[in-house]
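Given next are the chains, with one letter for each unit.
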Amino acid sequence: MSEELVKTVQEMLKEETWTRATISNYTKNNLIELAGIVEKARNEDCSDELKEICDEHLSHTKDSIIALYISGIIGLQKGELDNSPLTNLVDIFQKNHKENVVVYLCQTILSDAPANKFALRTLADCYRAENNEKIWDLYEQIVKLDYEEADIAKLLAERYEKQGDEETAIDYYKKALLRYVSAKNMNSVKEIWSKLVTLIPEEIDFFLLVQRKIAKTISEDRSALLMQEVYTYYKDNEKWDTAIDILKLILNIDARDSWARKEIVDCYRGKFADHSHLEEYIRMSNLTQNFRNVFEAIGDFEKHIAFDTKSFVFHRAWGVGIIRSEENDTLTINFGKKKGIHKMSLKMAVSALTPLAKDHIWVLKATKRKDELAKLIKSDKEWALKTIIRSFNNSCDFKRIKAELVPAILTPGEWTSWNSAAKKILASNTVFGVNPNNINEYIVRDHEISQEEKLANEFKAQKQFFARIDILMKFLNDDETDNNSELFADMFSYFTGYLKAISKVNEQILASYLVVQKVNALVPTLAYQFKYTFAEIYNEIDDPREMYLLLKDTKNTSLHRDFLTDIKMLPDWSDQYIRLFPTVLDGDMLTTLINKGFTEKVQKLAADSFENPMDYRDAVIYFFRECQDEDWFRESGVPYEKQLIALINVIAITFREINNHVNTTENKKINRNTTQLLFKDDTLLKYMLDNDAETVKRLYTLVNDVEDLEPTLKATMRNRIVEKFPDFKFHVSEEKSSTPRGMIVTAKKLEEKKAQEEKLQKVDIPANAKEIGEARAQGDLKENAEYKAAKEYQHYLSVTLTKLQEELNRAVVFDPTTATTAMISFGTKVTLSDKNTGAEEIFTILGPWESDPDNGVISYMSPFGNAIMDKKVGDDAEFSINEHRYSYTVKNIQPADIQ
């Protein structure tokens, strides 16, 4: 059947050539007939063959209507990027004024490819010529698809504004403005900016966002001129704080702007109209004098103006106070019952005091009852966040928020739940944003903004590449955001920028490819045309295993998963999976390989891993832990004992590299996991004891050769081995108990010492620092006894803490299950017979922290304890301490009662 269709098309092409059919003979019905042929070809699965025939025909007959249509439509249906046959076909009909055919052809294209910009624009031109109202629907689609189209966005905005739909009009005006900025069309920018100032003057964050974009892409000076329009609104409405902030922004761009300097003085006069010393402070700061740096003058003025009756201030030693009176440049300040009333000159106040707003968190903590403030903070977290953030120049991080609340208002336990809820508010409530210069600091806005603007601001402030990916994907997945918005396109362009010219593939280029690929699939209107295939990019990666590690997953996307998915599309994907597995360690990779018939490759990988544990240490751990019950693994030919030996070798290798400071963190992790695998559930020991003495000797020798292995593990092995093989002979040196290189301690005593350390750090030292501050504030340090005493105590606390931390760093917790009574060691209770007197003495052997000689508890590190260590029942112990001679016989050894 398909052969007949192919033959029919070939005949049509010949007939078209022979008859030299003119364009005037083609009608809409002819195209409908051709559409039927294309549909039939798809049903009979011969589309590719027909397209090939038509493409060959076009190579020598470029204006063949039949060939252009069939090749173009089939290519469109296949998703090919080259639509030149259809664009040529439309151009032919347009030149011959066949408008009805052009309309039908464009509609046909859009039925298969709704996002085809060429068809949309051509159809729009036809509708405009007809005055067809359908043009507006097409305009909306064009604006949605083409992020450079500003003029049509402006037309749509004007139309909606005339219809009274102000919200939609504003949305299109915003799109037009941002696009004109990108196009650097300053005349149009000015026109739309002025329109939006009349419509949404309160959306200061939007204007600031556009101002930053204009300053970056066009000119800082022009962005400042535009901000003057916004400023006028805020000044006229006496919104002094915002007006002043705008003027400071303008002065930051040009500190010599005399207009802005004059205006800021007017704003200060408006804001502080009721202040009795307003004009005096303006004069003192030289705010109106151009010879002085404007920001130094502003700083002086704002500091002086803050010191007024009933204003709050902060002193580093006296805390929060309120100004009770001001006479002859002398302030009378009440710092509360404890610190009393102090008088201070205005000049000294400017340097010694920090002005505080009446709703500053420090003022609230000083003036409200603790329980009252705690109740308010717990019940209204949004208010609490706003209060604290605004207290610190409207920019602070979460550490500061916690420091203000814990332990002064909330307990650590209360903070845990409060903190979780507060973070959700900061993430979702658009009143809160991030500092454009520091992503870790939060700010508070005067009004809410859209979730899109909030995320766009976070994206701009974020400097970390992979964190930016997370924000982009959060935007993509958020129900409240429009993925076709200008802001999303701007963020998306950041990643497409990495793909424009690739010289060497790094993790940022690969991650950008994966991100753009995902966005292309989810937002077809943004579809970016790749210049390179994934295979070409992958071939440029020097080490795929290292590249995998360099990629970072985020909360909202898994780059690792996407990377592996793309690799599976490669012709040699099975070899690449085998190559990557020792790094990825994903069981799904093994399952996929086995299900696709590559079991032998997986078995060879397992065998190679145990053969060369140095290069495959993570894989050795994975195979041993996860694959023991798998049929393919049991059939891989790797004996169980060989697996155990490989794991012992991994421990030895990692200890050696740790001592040589090679990949210390990673090696410690591998070492810990391997040690737990072999020793936690006695995996190694059970295998040894289930076999003969030769097996025990062979494996124990390997374990014993690992010098840095915890001696208690070796001791436990020896005890269990001797229980089953009483005549088993160890190396002579092993018949002595070994102790860790650190200091053995009991778990109970360790907790006590940690609590002592915490008390020193969080209670004693801060309290001492406060005492020093209070003593210093009294002046005359040479004759200040309280100051000297506090400093001496500070030295004592410092020495005590340093010593305690050194001991904590050396502490090794004793495991009671490893205790042995075969010899005197830590954790044993010993009965000694004095050979001179015949008296029996009982001692418990513990560590320096537990030592209590009066009650018979001796440290194993003391001269006495060290002298009797490793002795067995029946052994004699002869030694001298401080010229006193001791002579004992060991009568009994039993486990000590350790709480």
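These numbers come from a predicted model, not from an experiment.

Draft legend 1. Inspection of the overall build of the chain at higher detail. Check the secondary structure of the chain and you find 44 helices and 14 strands. On C-alpha atoms alone, the chain measures out to a radius of gyration of 40 Å, which is more than a quarter above the 29 Å that the 2.2 N^0.38 rule sets for 899 residues. Principal axes of the C-alpha set define a box for the chain whose edges measure 130 × 95 × 45 Å. The proportion of buried residues among the 899 residues of the chain is 47%. Contacts in the chain between residues at least 24 apart in sequence constitute 57% of all its contacts with a sequence separation of at least 6. As presented, the chain carries roughly 47,500 Å² of accessible surface, and 47% of it is formed by carbon and sulfur atoms. Here the chain contributes 120 positive and 146 negative side-chain charges, whose respective centroids are spaced 5 Å apart.

Draft legend 2. Up close: the layout of surface pockets. Volume-wise, the second largest pocket comes out at about 2,000 Å³. Lining the second largest pocket are 47 residues; nearest its centre among them are Lys117, Tyr147, Phe492, Leu526 and Ala527. Residue contributions to the lining of the second largest pocket peak at nine residues, all from helix H27 (residues 486-496). In terms of residue class, the lining of the second largest pocket is built from 22 nonpolar, 10 polar and 15 charged.

Draft legend 3. View of empty space enclosed by the protein. Taken as a whole, this structure holds two cavities of 30 Å³ or more when the rule is applied. Volume-wise, the largest cavity comes out at about 40 Å³. Lining the largest cavity, in full, are Leu499, Ile502, Tyr513, Tyr528, Phe530, Lys531, Tyr532 and Ile537. For the lining of the largest cavity, a count of residues per class yields seven nonpolar, no polar and one charged. Looking at the second largest cavity, its volume works out to about 30 Å³. Lining the second largest cavity, in full, are Ile648, Ile651, Leu678, Phe679, Val703, Val706 and Leu709. Of the residues assigned to the lining of the second largest cavity, the class counts are seven nonpolar, no polar and no charged.

Draft legend 4. Geometry of the sheet that holds strand E11 (residues 840-846). One open sheet holds the five strands; their spatial order is E12-E11-E10-E14-E13, and the pairing between them is mixed. Of all strands in the sheet, those bounded by a partner on one side alone are strand E12 (857-859) and strand E13 (876-881). For this sheet the average axis-to-axis angle between neighbouring strands, irrespective of direction, equals 45°.

Draft legend 5. Structural view of the packing of aromatic side chains. Applying the stated criterion to the full structure yields 53 aromatic pairs. Residues phenylalanine 465 and phenylalanine 495 carry aromatic rings whose centres are separated by 5.7 Å and whose planes lie at 75° to one another, so their mutual orientation is edge-to-face. In this pair, phenylalanine 465 sits in helix H26 (residues 465-477) while phenylalanine 495 sits in helix H27, placing the two residues 30 residues apart along the sequence. Given the relative accessible area of 6%, phenylalanine 465 is considered buried. Ring geometry for phenylalanine 534 versus tyrosine 538: centroids 5.8 Å apart, planes at 35°, classification tilted. Highlighted residues: phenylalanine 534 and tyrosine 538, both in helix H29 (residues 534-539), separated by four residues, approximately one helical turn. On the basis of relative accessible area, phenylalanine 534 is assigned to the buried category, the value being 7%. Of the aromatic side chains, those joined through ring pairs into one cluster are Phe459, Phe465, Phe466, Tyr494, Phe495 and Tyr498.

Draft legend 6. Layout of H26. Helix length check: H26, at 13 residues, gives a terminal C-alpha distance of 19 Å against a target of 18 Å (1.5 Å per residue), a fit within 8%. Burial within H26 is extensive, with 10 of its 13 residues counted as buried. Looking only at H26, the buried set comprises Phe465, Phe466, Arg468, Ile469, Asp470, Ile471, Leu472, Met473, Phe475 and Leu476. Those residues of H26 that are buried lie in contact with helix H25 (451-461), H27, helix H28 (507-522), helix H30 (544-550) and helix H31 (559-567).

Draft legend 7. Here's a closer look at a negative patch on the surface. A surface patch of like charges, here negative, comprises Asp165, Glu166, Glu167, Asp171 and Asp482. Here aspartate 171 lies in helix H10 (residues 166-182). A relative accessible area of 40% means that aspartate 171 is categorised as partly exposed.

Draft legend 8. Focus on the pairing of E13. By the alternation rule, side chains of E13 split into Ala877, Phe879 and Ile881, which are all buried, and Asp876, Glu878 and Ser880, of which none is buried. Pairing of E13 with strand E14 (residues 884-895) involves six bridges; the strand directions are antiparallel. What sits directly across from serine 880, in E14, is arginine 885. Hairpin connection between E13 and E14: a loop of two residues separates the two successive antiparallel strands, and asparagine 882 in this loop has a positive phi of roughly 50°.

Draft legend 9. Region of interest: the sheet that holds strand E5 (residues 354-356). Spatially, E4-E3-E2-E1-E5 is the arrangement adopted by the five strands of the open sheet, whose pairing is antiparallel. Two strands in the sheet have a free side with no partner beyond their single neighbour: strand E4 (341-345) and E5. Each strand axis lies, on average, 40° off the axis of its neighbour in the sheet, ignoring direction.

Draft legend 10. How the structure looks around the pattern of salt bridges. Overall, the coordinates contain 48 salt bridges when judged by the stated rule. Taking the shortest distance from any N to any O, the salt bridge between lysine 454 and glutamate 458 comes out at 3.9 Å. Remark: glutamate 458 and lysine 454 occur in helix H25; sequence separation between them is four residues, near one turn of the helix. For the residue pair lysine 454 and glutamate 458, the accessibility class agrees, reading buried in each case. The residue aspartate 608 makes a salt bridge to lysine 604 at a minimum N-O spacing of 2.9 Å. Linking aspartate 608 with lysine 604, this pair stays in helix H34 (residues 599-611), spanning four residues, or about one helical turn. Lysine 604 gets classed as exposed once you look at its relative accessible area, which sits at 54%. Counted as one network, the salt bridges with shared partners bring together Lys235, Lys262, Glu263 and Asp266.

Draft legend 11. Structural context of unusual backbone geometry. With an omega of 0°, the peptide bond between valine 406 and proline 407 qualifies as cis. Note on placement: proline 407 falls in the loop between helix H23 (398-405) and helix H24 (412-428). Positive phi outside glycine occurs at aspartate 45, with the angle close to 55°. Mapped onto the secondary structure, aspartate 45 falls in the loop between helix H2 (28-43) and helix H3 (47-58).

Draft legend 12. Broad picture of helix H11 (residues 186-199). The end-to-end C-alpha distance of H11 is 20 Å, a good match for the 20 Å that 14 residues give at a rise of 1.5 Å each. By the burial criterion, the buried members of H11 are Met186, Ser188, Val189, Ile192, Trp193, Leu196, Val197 and Leu199. End-on view of H11: buried residues confined to an arc of 165°, all on one side of the axis. Facing away from the buried side of H11 by over 90 degrees, the exposed positions are Asn187 and Thr198. Those residues of H11 that are buried lie in contact with helix H9 (151-162), H10, helix H12 (204-217) and helix H13 (220-236).

Draft legend 13. A look at the pairing of strand E2 (residues 319-327). Of the strand pairs in this sheet, strand E1 (residues 312-315) and E2 are connected by four bridges, and their pairing is antiparallel. Bridge pairing in E2 links valine 313 to glycine 321. A loop of three residues connects E1 with E2, the two strands running antiparallel in sequence. Bridge count between E2 and strand E3 (residues 330-334): five bridges; the pairing is antiparallel. Residue glutamate 326 lies in a different strand from E3, and its bridge partner there is leucine 331. With antiparallel pairing between neighbouring strands as the criterion, E2 and E3 make up a hairpin whose turn holds two residues, including asparagine 328 at a positive phi of roughly 50°.

How each quantity is defined
- Residues numbered from 1 in each chain as written.
- Predicted model: local features only at pLDDT ≥ 70, side-chain atom pairs only at ≥ 80, totals over all residues.
- Heavy atoms only, no water.
- Helix = DSSP H or I, 4+ residues; strand = E, 2+ residues; numbered from the N terminus.
- Rg over C-alpha atoms; globule rule 2.2 N^0.38 Å.
- Buried < 20%, exposed > 50% of the residue type's maximum accessible area, 1.4 Å probe, protein only.
- Contact = heavy atoms within 4.5 Å.
- Areas by Shrake-Rupley, 256 points an atom, 1.4 Å probe, with all protein chains shown as cover.
- Lys, Arg positive; Asp, Glu negative; His and termini not counted.
- Charge placed at Lys NZ, Arg CZ, Asp CG, Glu CD.
- 1 Å grid on protein atoms, 1.4 Å probe; cavity = no way out; pocket = protein on both sides within 12 Å on 5 of 7 lines; lining within 4 Å.
- Points joined across faces, edges and corners; volume = space filled by probe spheres on them.
- Nonpolar A, V, L, I, M, F, W, Y, C, P; charged D, E, K, R; others polar.
- Pairing = 2+ DSSP bridges.
- Axes fitted to C-alpha atoms, helices over the stretch in contact; angles between N-to-C directions.
- Phe/Tyr/Trp six-rings, centres within 6.5 Å; stacked < 30°, edge-to-face > 60°.
- Expected span 1.5 Å × (residues − 1).
- Patch = residues over 30% accessible without salt bridge, like charges linked within 9 Å, V, L, I, M, F, W, Y side chains within 5 Å.
- Salt bridge = Lys/Arg side-chain N within 4 Å of Asp/Glu carboxyl O.
- Arc of directions from axis to C-beta.

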